[in-house]
Amino acid sequence: MPKLRLVFMGTPDFAVPSLRALVEAGHEVACVYSQPPRPAGRGQQVQKSPVHRFAEEHGIPVRTPKSLRNAEAQAEFADLKADAAVVAAYGLILPQPVLDAPRLGCLNVHGSLLPRWRGAAPIQRSLLAGDAETGITIMQMDIGLDTGAMLLKDQVPITAETTASTLHDALADMGARLIVEAMDGLAEGRLTAVPQPDDGVTYAAKLTREDGRLDWSREAAYVERQVRALTPWPGCWFDIKGERIKVLKAEPAPEAKGATPGTLLDDRLTIACTDGAVRLTLVQRPGKAPVEGSAFLRGFALPVGTVFENAACSAGN
(Lines give C-alpha, C1' and ligand atoms only; values in the text may rest on other atoms or scores of the structure.)
Protein backbone atom coordinates (compact mmCIF):
# COMPACT_ATOMS: atom_id res chain seq x y z
CA MET A 1 0.00 0.00 0.00
CA PRO A 2 1.55 3.38 -0.99
CA LYS A 3 2.29 5.61 1.97
CA LEU A 4 1.69 9.36 1.83
CA ARG A 5 3.45 12.39 3.25
CA LEU A 6 0.78 14.21 5.27
CA VAL A 7 0.13 17.36 7.23
CA PHE A 8 -2.42 16.92 10.02
CA MET A 9 -4.47 19.90 11.22
CA GLY A 10 -6.61 19.43 14.32
CA THR A 11 -7.08 20.59 17.89
CA PRO A 12 -9.51 18.80 20.29
CA ASP A 13 -9.98 15.22 21.48
CA PHE A 14 -12.20 14.49 18.49
CA ALA A 15 -9.20 14.73 16.14
CA VAL A 16 -6.77 12.55 18.10
CA PRO A 17 -8.07 9.13 16.91
CA SER A 18 -7.68 10.23 13.28
CA LEU A 19 -4.10 11.35 13.84
CA ARG A 20 -3.30 8.15 15.73
CA ALA A 21 -4.83 5.99 12.98
CA LEU A 22 -2.80 7.71 10.26
CA VAL A 23 0.43 7.25 12.22
CA GLU A 24 -0.37 3.59 12.91
CA ALA A 25 -1.20 3.05 9.23
CA GLY A 26 2.39 4.00 8.40
CA HIS A 27 1.81 7.34 6.70
CA GLU A 28 4.47 9.99 7.24
CA VAL A 29 2.99 12.86 9.23
CA ALA A 30 5.50 15.58 8.41
CA CYS A 31 3.93 18.23 10.63
CA VAL A 32 0.91 18.85 12.85
CA TYR A 33 -0.94 22.15 12.97
CA SER A 34 -3.03 22.91 16.05
CA GLN A 35 -4.57 25.87 17.87
CA PRO A 36 -2.13 27.78 20.11
CA PRO A 37 -1.95 26.76 23.80
CA ARG A 38 -4.64 28.51 25.84
CA PRO A 39 -5.68 28.89 29.50
CA ALA A 40 -7.98 26.06 30.57
CA GLY A 41 -9.42 24.45 33.67
CA ARG A 42 -10.07 25.93 37.10
CA GLY A 43 -6.56 27.27 37.47
CA GLN A 44 -6.60 28.76 33.96
CA GLN A 45 -3.16 27.31 33.30
CA VAL A 46 -1.96 27.54 29.71
CA GLN A 47 -2.37 24.10 28.14
CA LYS A 48 -1.50 22.55 24.81
CA SER A 49 -4.35 21.01 22.83
CA PRO A 50 -4.93 17.22 22.87
CA VAL A 51 -3.64 16.97 19.28
CA HIS A 52 -0.56 19.05 20.16
CA ARG A 53 0.25 16.77 23.10
CA PHE A 54 -0.22 13.59 21.04
CA ALA A 55 2.05 14.91 18.29
CA GLU A 56 4.82 15.82 20.73
CA GLU A 57 4.58 12.41 22.42
CA HIS A 58 5.16 10.83 19.00
CA GLY A 59 7.98 13.12 17.92
CA ILE A 60 5.96 14.97 15.27
CA PRO A 61 6.80 18.68 14.76
CA VAL A 62 3.95 21.02 15.77
CA ARG A 63 3.05 24.48 14.50
CA THR A 64 0.48 26.72 16.20
CA PRO A 65 -0.07 29.80 14.00
CA LYS A 66 -2.85 32.19 14.99
CA SER A 67 -3.74 32.59 11.31
CA LEU A 68 -2.92 31.09 7.92
CA ARG A 69 -3.88 34.20 5.96
CA ASN A 70 -0.41 35.73 5.71
CA ALA A 71 2.05 34.88 2.95
CA GLU A 72 4.77 33.69 5.34
CA ALA A 73 2.52 31.06 6.97
CA GLN A 74 1.31 29.92 3.56
CA ALA A 75 4.87 29.56 2.25
CA GLU A 76 5.88 27.54 5.32
CA PHE A 77 2.92 25.23 4.73
CA ALA A 78 3.74 24.80 1.03
CA ASP A 79 7.39 24.04 1.86
CA LEU A 80 6.26 20.86 3.64
CA LYS A 81 5.52 19.42 0.16
CA ALA A 82 2.74 17.23 1.50
CA ASP A 83 0.82 14.76 -0.62
CA ALA A 84 -2.31 15.68 1.35
CA ALA A 85 -3.48 17.53 4.43
CA VAL A 86 -6.01 16.03 6.84
CA VAL A 87 -8.19 18.49 8.76
CA ALA A 88 -10.26 17.45 11.79
CA ALA A 89 -11.82 20.12 14.01
CA TYR A 90 -8.85 22.42 13.50
CA GLY A 91 -10.52 25.77 14.14
CA LEU A 92 -8.81 28.00 11.57
CA ILE A 93 -10.04 28.89 8.09
CA LEU A 94 -7.81 27.53 5.32
CA PRO A 95 -7.28 30.11 2.57
CA GLN A 96 -7.04 29.04 -1.07
CA PRO A 97 -3.21 28.91 -1.22
CA VAL A 98 -3.21 26.42 1.67
CA LEU A 99 -6.00 24.34 0.10
CA ASP A 100 -4.03 24.22 -3.16
CA ALA A 101 -0.61 23.38 -1.73
CA PRO A 102 -0.83 19.59 -1.15
CA ARG A 103 -0.67 17.45 -4.28
CA LEU A 104 -3.92 15.65 -3.41
CA GLY A 105 -5.59 18.57 -1.65
CA CYS A 106 -6.97 18.94 1.88
CA LEU A 107 -9.40 16.37 3.32
CA ASN A 108 -11.79 17.11 6.15
CA VAL A 109 -13.13 14.64 8.74
CA HIS A 110 -16.60 16.12 9.30
CA GLY A 111 -19.01 14.92 11.99
CA SER A 112 -22.24 14.75 10.00
CA LEU A 113 -23.80 13.27 6.87
CA LEU A 114 -23.23 16.20 4.54
CA PRO A 115 -24.87 18.33 3.30
CA ARG A 116 -26.82 18.14 6.58
CA TRP A 117 -25.18 20.07 9.41
CA ARG A 118 -22.43 22.02 7.74
CA GLY A 119 -20.68 24.21 10.28
CA ALA A 120 -19.26 24.29 13.77
CA ALA A 121 -21.45 22.05 15.98
CA PRO A 122 -22.83 19.15 13.91
CA ILE A 123 -22.85 16.60 16.74
CA GLN A 124 -24.93 18.73 19.10
CA ARG A 125 -27.24 20.07 16.40
CA SER A 126 -28.10 16.58 15.14
CA LEU A 127 -29.12 15.58 18.67
CA LEU A 128 -31.10 18.77 19.28
CA ALA A 129 -33.00 18.30 16.03
CA GLY A 130 -34.01 14.74 16.93
CA ASP A 131 -32.27 13.22 13.90
CA ALA A 132 -32.56 9.44 13.60
CA GLU A 133 -28.96 9.11 12.43
CA THR A 134 -25.78 11.01 11.74
CA GLY A 135 -22.28 10.01 10.74
CA ILE A 136 -18.94 11.02 9.27
CA THR A 137 -18.22 12.49 5.86
CA ILE A 138 -14.69 12.61 4.46
CA MET A 139 -14.75 15.68 2.25
CA GLN A 140 -12.37 17.22 -0.26
CA MET A 141 -12.14 20.77 1.07
CA ASP A 142 -12.86 23.88 -0.97
CA ILE A 143 -13.12 27.53 0.00
CA GLY A 144 -16.77 27.22 1.14
CA LEU A 145 -18.12 26.24 4.56
CA ASP A 146 -18.13 22.42 4.40
CA THR A 147 -19.25 22.55 0.76
CA GLY A 148 -16.57 20.33 -0.80
CA ALA A 149 -17.10 17.11 -2.73
CA MET A 150 -17.50 13.91 -0.70
CA LEU A 151 -15.14 10.94 -0.76
CA LEU A 152 -16.52 8.58 1.89
CA LYS A 153 -19.49 8.40 4.29
CA ASP A 154 -20.71 6.15 7.07
CA GLN A 155 -23.60 6.52 9.48
CA VAL A 156 -24.47 5.78 13.10
CA PRO A 157 -27.99 5.65 14.62
CA ILE A 158 -29.09 8.20 17.22
CA THR A 159 -31.15 6.54 19.96
CA ALA A 160 -33.01 7.80 23.01
CA GLU A 161 -29.86 7.07 25.05
CA THR A 162 -27.38 8.85 22.76
CA THR A 163 -25.58 11.79 24.36
CA ALA A 164 -23.17 14.32 22.93
CA SER A 165 -20.33 12.50 24.69
CA THR A 166 -21.17 9.03 23.39
CA LEU A 167 -21.83 10.34 19.89
CA HIS A 168 -18.59 12.35 19.93
CA ASP A 169 -16.58 9.24 20.78
CA ALA A 170 -18.36 7.03 18.23
CA LEU A 171 -17.84 9.58 15.45
CA ALA A 172 -14.22 10.19 16.41
CA ASP A 173 -13.51 6.47 16.06
CA MET A 174 -15.49 6.27 12.82
CA GLY A 175 -13.59 9.26 11.43
CA ALA A 176 -10.29 7.57 12.22
CA ARG A 177 -11.32 4.46 10.29
CA LEU A 178 -12.67 6.38 7.32
CA ILE A 179 -9.72 8.76 6.95
CA VAL A 180 -7.33 5.80 6.69
CA GLU A 181 -9.61 4.27 4.04
CA ALA A 182 -9.65 7.59 2.21
CA MET A 183 -5.87 7.90 2.28
CA ASP A 184 -5.51 4.38 0.89
CA GLY A 185 -8.04 5.12 -1.84
CA LEU A 186 -6.34 8.37 -2.80
CA ALA A 187 -2.90 6.79 -2.80
CA GLU A 188 -4.13 4.08 -5.18
CA GLY A 189 -6.15 6.47 -7.32
CA ARG A 190 -9.44 4.59 -6.83
CA LEU A 191 -11.52 7.23 -5.00
CA THR A 192 -13.77 9.66 -6.86
CA ALA A 193 -15.15 12.74 -5.11
CA VAL A 194 -18.91 13.22 -5.45
CA PRO A 195 -20.37 16.76 -5.29
CA GLN A 196 -22.77 17.44 -2.42
CA PRO A 197 -26.45 17.63 -3.42
CA ASP A 198 -28.18 20.99 -3.32
CA ASP A 199 -31.12 19.57 -1.34
CA GLY A 200 -30.95 18.92 2.39
CA VAL A 201 -28.44 21.61 3.36
CA THR A 202 -28.59 22.69 7.02
CA TYR A 203 -26.18 24.69 9.15
CA ALA A 204 -24.88 23.75 12.58
CA ALA A 205 -24.42 27.15 14.19
CA LYS A 206 -21.74 27.59 16.84
CA LEU A 207 -22.98 26.94 20.37
CA THR A 208 -23.17 29.59 23.09
CA ARG A 209 -23.94 29.33 26.79
CA GLU A 210 -27.40 30.74 26.11
CA ASP A 211 -28.21 27.62 24.06
CA GLY A 212 -28.21 25.74 27.37
CA ARG A 213 -31.04 27.77 28.93
CA LEU A 214 -33.92 25.38 29.59
CA ASP A 215 -37.21 26.80 28.39
CA TRP A 216 -40.15 24.88 29.81
CA SER A 217 -42.45 26.35 27.17
CA ARG A 218 -40.74 24.06 24.65
CA GLU A 219 -41.84 20.47 24.06
CA ALA A 220 -40.71 18.02 26.74
CA ALA A 221 -38.92 15.89 24.14
CA TYR A 222 -36.86 18.89 23.06
CA VAL A 223 -35.87 19.80 26.63
CA GLU A 224 -34.76 16.21 27.26
CA ARG A 225 -32.74 16.20 24.01
CA GLN A 226 -31.24 19.54 24.99
CA VAL A 227 -29.71 17.99 28.11
CA ARG A 228 -28.30 15.04 26.15
CA ALA A 229 -26.99 17.31 23.40
CA LEU A 230 -25.45 20.14 25.42
CA THR A 231 -23.76 18.28 28.29
CA PRO A 232 -20.92 18.88 29.03
CA TRP A 233 -20.69 21.95 26.74
CA PRO A 234 -22.17 24.52 26.93
CA GLY A 235 -24.20 22.85 29.68
CA CYS A 236 -27.90 23.15 30.48
CA TRP A 237 -29.25 25.31 33.27
CA PHE A 238 -32.14 27.18 34.89
CA ASP A 239 -32.28 29.91 37.53
CA ILE A 240 -34.10 29.62 40.85
CA LYS A 241 -33.87 31.87 43.91
CA GLY A 242 -30.86 33.72 42.50
CA GLU A 243 -28.85 30.58 41.75
CA ARG A 244 -27.98 29.09 38.37
CA ILE A 245 -28.58 25.35 38.54
CA LYS A 246 -26.84 23.00 36.11
CA VAL A 247 -28.85 20.10 34.74
CA LEU A 248 -26.65 17.10 34.00
CA LYS A 249 -29.27 14.40 33.31
CA ALA A 250 -32.98 14.37 32.52
CA GLU A 251 -35.62 11.91 31.37
CA PRO A 252 -39.13 12.08 29.92
CA ALA A 253 -41.95 12.03 32.48
CA PRO A 254 -45.70 11.33 32.26
CA GLU A 255 -47.81 14.06 30.73
CA ALA A 256 -49.07 16.77 33.06
CA LYS A 257 -52.39 17.86 31.61
CA GLY A 258 -53.31 21.46 32.22
CA ALA A 259 -50.17 22.37 34.16
CA THR A 260 -48.51 25.70 33.41
CA PRO A 261 -45.10 25.17 31.75
CA GLY A 262 -42.40 25.43 34.42
CA THR A 263 -44.59 24.07 37.24
CA LEU A 264 -42.90 21.71 39.73
CA LEU A 265 -45.12 18.60 39.69
CA ASP A 266 -43.68 16.35 42.41
CA ASP A 267 -40.84 15.79 44.89
CA ARG A 268 -38.62 14.18 42.19
CA LEU A 269 -38.01 17.45 40.31
CA THR A 270 -40.49 16.78 37.52
CA ILE A 271 -41.31 19.98 35.65
CA ALA A 272 -44.19 20.61 33.27
CA CYS A 273 -43.43 21.58 29.70
CA THR A 274 -45.78 22.77 27.00
CA ASP A 275 -46.87 19.26 25.99
CA GLY A 276 -45.74 16.98 28.81
CA ALA A 277 -43.06 16.97 31.48
CA VAL A 278 -39.40 16.27 32.04
CA ARG A 279 -37.74 14.90 35.20
CA LEU A 280 -34.36 16.39 36.12
CA THR A 281 -32.52 13.39 37.55
CA LEU A 282 -29.09 14.94 38.21
CA VAL A 283 -28.53 18.62 38.99
CA GLN A 284 -25.78 20.73 40.51
CA ARG A 285 -25.84 23.92 42.55
CA PRO A 286 -22.89 26.35 42.21
CA GLY A 287 -19.86 25.03 44.09
CA LYS A 288 -21.67 21.84 45.12
CA ALA A 289 -21.51 18.21 44.03
CA PRO A 290 -24.14 16.87 41.64
CA VAL A 291 -27.21 15.37 43.36
CA GLU A 292 -30.44 13.64 42.39
CA GLY A 293 -33.45 15.85 41.82
CA SER A 294 -35.18 14.78 45.03
CA ALA A 295 -32.12 15.66 47.12
CA PHE A 296 -31.90 19.03 45.41
CA LEU A 297 -35.51 19.81 46.34
CA ARG A 298 -34.93 18.89 49.98
CA GLY A 299 -32.06 21.35 50.12
CA PHE A 300 -34.04 24.10 48.41
CA ALA A 301 -37.40 23.41 50.12
CA LEU A 302 -39.42 24.13 46.99
CA PRO A 303 -43.09 23.11 47.34
CA VAL A 304 -44.94 21.25 44.60
CA GLY A 305 -46.67 23.85 42.44
CA THR A 306 -43.70 26.23 42.38
CA VAL A 307 -43.35 27.77 38.92
CA PHE A 308 -39.77 27.90 37.62
CA GLU A 309 -39.73 31.27 35.94
CA ASN A 310 -36.71 30.59 33.72
CA ALA A 311 -39.25 29.54 31.12
CA ALA A 312 -41.53 31.51 28.86
CA CYS A 313 -41.40 34.58 31.12
CA SER A 314 -37.62 35.03 31.50
CA ALA A 315 -36.72 33.67 28.07
CA GLY A 316 -38.40 36.67 26.55
CA ASN A 317 -36.63 39.25 28.72
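Look above for the structure.
Let us look at the structure shown here. (Residues numbered from 1 in each chain as written. Predicted model: local features only at pLDDT ≥ 70, side-chain atom pairs only at ≥ 80, totals over all residues. Heavy atoms only, no water.)

1. Regarding the environment of L207
Next, step 1: On the secondary structure map, L207 appears in the loop between β11 (203-204) and α7 (220-230).
Next, step 2: Under the relative-accessibility criterion, L207 is labelled buried at 9%.
Next, step 3: Sequence-wise, L207 and E188 are 19 residues apart; in three dimensions their C-alpha atoms are separated by 39 Å.
Next, step 4: When residues no more than four places from it in sequence are discounted, the contact partners of L207 are A121, Q124, R125, L230, W233 and P234. (Helix = DSSP H or I, 4+ residues; strand = E, 2+ residues; numbered from the N terminus. Buried < 20%, exposed > 50% of the residue type's maximum accessible area, 1.4 Å probe, protein only. Contact = heavy atoms within 4.5 Å.)

2. So, the pairing of strand β15 (residues 277-284)
Next, step 1: Summarising burial for β15: 6 of the 8 residues are buried, a large majority.
Next, step 2: Across 7 bridges, the pairing between strand β13 (residues 243-253) and β15 is antiparallel. Residue pairing in the sheet places E251 in a bridge with R279 of β15.
Next, step 3: Two elements, strand β14 (residues 270-272) and β15, share 3 bridges in a ladder whose sense is antiparallel. Residue A272 lies in a different strand from β15, and its bridge partner there is A277.
Next, step 4: In textbook terms, the turn of a hairpin is the stretch between consecutive antiparallel strands, and for β14 and β15 this stretch comprises 4 residues. (Pairing = 2+ DSSP bridges.)

3. Quick notes on the nonpolar core
Next, step 1: Judged by nonpolar contacts, the single largest core of 70 residues is most densely connected at F8, I138, I179, W216, L280 and F296.
Next, step 2: The dominant element in this core, judged by the number of residues it contributes, is helix α6 (residues 164-188), at 12 residues.
Next, step 3: Apart from residues lying up to four places away in sequence, F296 is in contact with F238, I240, I245, L269, V283, R285, V291 and L302.
Next, step 4: Within the second largest apolar cluster, 17 residues are counted, among which are V7, M9, C31 and A82. (Core = buried A, V, L, I, M, F, W, Y, C linked by side-chain atoms within 4.5 Å.)

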